[in-house]
Amino acid sequence: MTSAAPPRPAGGTATALAIEGRVDADSGRALLLPRGDLAHGCVGVLAEALAGLPRGVGRIDADMTGVVFMDASGLQFLDLLGGHGRRRSVPVTATHWHGQPSRFLDLAGLDPADPLHTPAGPRAQRPADGARRVDVLEEEVEQLRRAIASRPVIDQARGVLMAVHSCTPDQAWHVLREASQVSNTKLRTVAAAVTAGAVPGGPPPPPEIRAALRTALGRLPG
């Protein structure tokens, strides 16, 4: 069982979300495996996946390992997932967040370990200046929107890294993100440098980006 977002129009930049569903008939556990971005349209994809689950499912676990990007639409995704469990009185989890989605959840005051079950403890009480947290979250969302607009060159750079270093799409994404952070350079600039350097006779990346890429690539499993 797989649900997917409709093909994006020409010029679209988001990575379409797809959700694979697996159900263990013996235990009644359903496993959802989202892949792509929690952005516009993700709620509809989830609704379709949930509607396709058979009756009698006693537990739903969403493994979010394959989600590489999240904006405010992802919070609606979580609302729908959690609400589905409450209406049917079945436990629901959403775990294995990483990278930018984990950061986004943390800024939103949710526990990335499982945002559907954020405890009403220290996390819910911090920070005291709630207005500042909202400002930071809004700034983060704006950065995410700009990141979406940068996706064409980022996707090209991921393709270069995958071809040259035999890594997976997720690994290529993490290499670009780490190189951006280590070199204190915008992600789009790092991606453009990687892409330009792959063209015969193209310029090599600047020294600080080159060094950051070596560091990030060195963390890939051998």
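These notes cover the structure that comes with them. Counting of residues starts from 1 at the beginning of each chain's written sequence and follows it residue by residue. Under the rules for a predicted model, residues below a pLDDT of 70 receive no local features and side-chain atom pairs below 80 are neither given nor counted, while totals for whole chains, interfaces and linings still include all residues. In computing side-chain properties, one takes all heavy atoms of the structure into account and sets aside hydrogens as well as water.

1. Description of the overall build of the protein chain
Rules: Under the scheme used here, helices are H or I runs from DSSP no shorter than 4 residues and strands are E runs no shorter than 2 residues, and both carry numbers assigned from the N terminus. Residue exposure (1.4 Å probe, protein chains only): buried if accessible area is under 20% of the type maximum, exposed if over 50%, otherwise partly exposed. Whether two residues touch is decided by their heavy atoms; if any such pair falls within 4.5 Å, the residues are in contact. For the accessible areas, the method is Shrake-Rupley and the probe is 1.4 Å, while residue cover comes only from the protein chains on display.
When helices and strands are counted, the protein chain shows nine helices and six strands. Looking at the protein chain as a whole, 44% of its 222 residues are labelled buried. Considering only residue pairs separated by 6 or more positions, the protein chain has 60% of its internal contacts joining residues 24 or more positions apart. Accessible surface, the protein chain as shown: approximately 11,600 Å² in total, 54% of it carbon and sulfur.

2. Here's the deal with the pairing of strand β3 (residues 29–38)
Regular strands show a simple pattern: their side chains alternate between the two faces of the sheet. Operational definition: Strand pairing follows a simple DSSP-based rule, namely that at least 2 bridges must link the two strands. Handedness is read with the strands pointing away from the viewer; a crossover is right-handed when the path from the first strand over the helix to the second is clockwise.
With respect to burial, β3 is a largely interior element, eight of its ten residues being buried. Across seven bridges, strand β2 (residues 18–24) lies against β3 in antiparallel orientation. Bridge assignment links Arg22 to a residue of β3, and that residue is Leu31. Bridge analysis of β3 against strand β4 (residues 59–63) gives four bridges, and the strand direction is parallel. Residue pairing for β4: Leu32 is matched across the bridge by Ala62. Regarding the hand of the β-α-β motif, the stretch spanning β3, helix α1 (residues 42–51) and β4 is right-handed. Strand direction decides the pairing type here: β3 and strand β5 (residues 66–70), joined by four bridges, are parallel. Counted as the bridge partner of Asp37 is Phe69 from β5.

3. Structural notes on the pattern of salt bridges
A side chain of one charge can pair with a side chain of the opposite charge if their charged atoms are brought near each other. Quick note on the threshold: Salt bridge, as used here, is a side-chain nitrogen of Lys or Arg placed within 4 Å of a carboxyl oxygen of Asp or Glu.
Taken as a whole, this structure holds five salt bridges when the rule is applied. Here Arg59 ties to Asp61 by a salt bridge, and the two come within 2.9 Å at their closest N and O atoms. Since its relative accessible area comes to 32%, Arg59 is described here as partly exposed. The exposure class assigned to Asp61 is buried, which follows from its relative accessible area of 8%. One salt bridge connects Asp155 with Arg158, and the closest N-O pair in it is separated by 3.7 Å. Note that Asp155 and Arg158 are positioned in helix α6 (residues 151–165) at a spacing of three residues, about one turn of the helix. Residue classification places Asp155 among the partly exposed residues on the basis of a relative accessible area of 29%. Judged by relative accessible area, Arg158 falls into the buried class, the value being 10%.

4. Re a positive patch on the surface
As a reminder, the rule being used: Residues enter a patch when their relative accessible area is above 30% and they make no salt bridge; the linking distance is 9 Å between like charges and 5 Å between nonpolar side chains (Val, Leu, Ile, Met, Phe, Trp, Tyr). When charges are counted, neither His nor the chain ends are considered; positive counts come from Lys and Arg and negative counts from Asp and Glu. Charge positions come from single atoms, namely NZ of Lys, CZ of Arg, CG of Asp or CD of Glu.
A grouping of Arg55, Arg86, Arg87 and Arg88 is seen on the molecular surface, where their side chains present a positively charged patch. Looking at the secondary structure, you find Arg88 in helix α2 (residues 73–88). Judged by relative accessible area, Arg88 falls into the partly exposed class, the value being 48%.

5. Things to note about the side chain of Ser73
Here Ser73 shows up in helix α2. According to the relative accessible area criterion, Ser73 is buried, its value standing at 17%. Ignoring any residue separated from it by four or fewer positions in sequence, one finds Ser73 in contact with Leu38, Ala39, His40, Cys42 and Val43.

6. A short note on the environment of Cys167
As for its placement among the helices and strands, Cys167 is situated in the loop between α6 and α7 (169–183). Since its relative accessible area comes to 8%, Cys167 is described here as buried. Separated by 53 residues in sequence, Cys167 and Leu220 have C-alpha atoms that sit 7.9 Å apart. Setting aside chain neighbours within four positions, we find Cys167 in contact with Leu161, Met162, Ala172 and Leu220.

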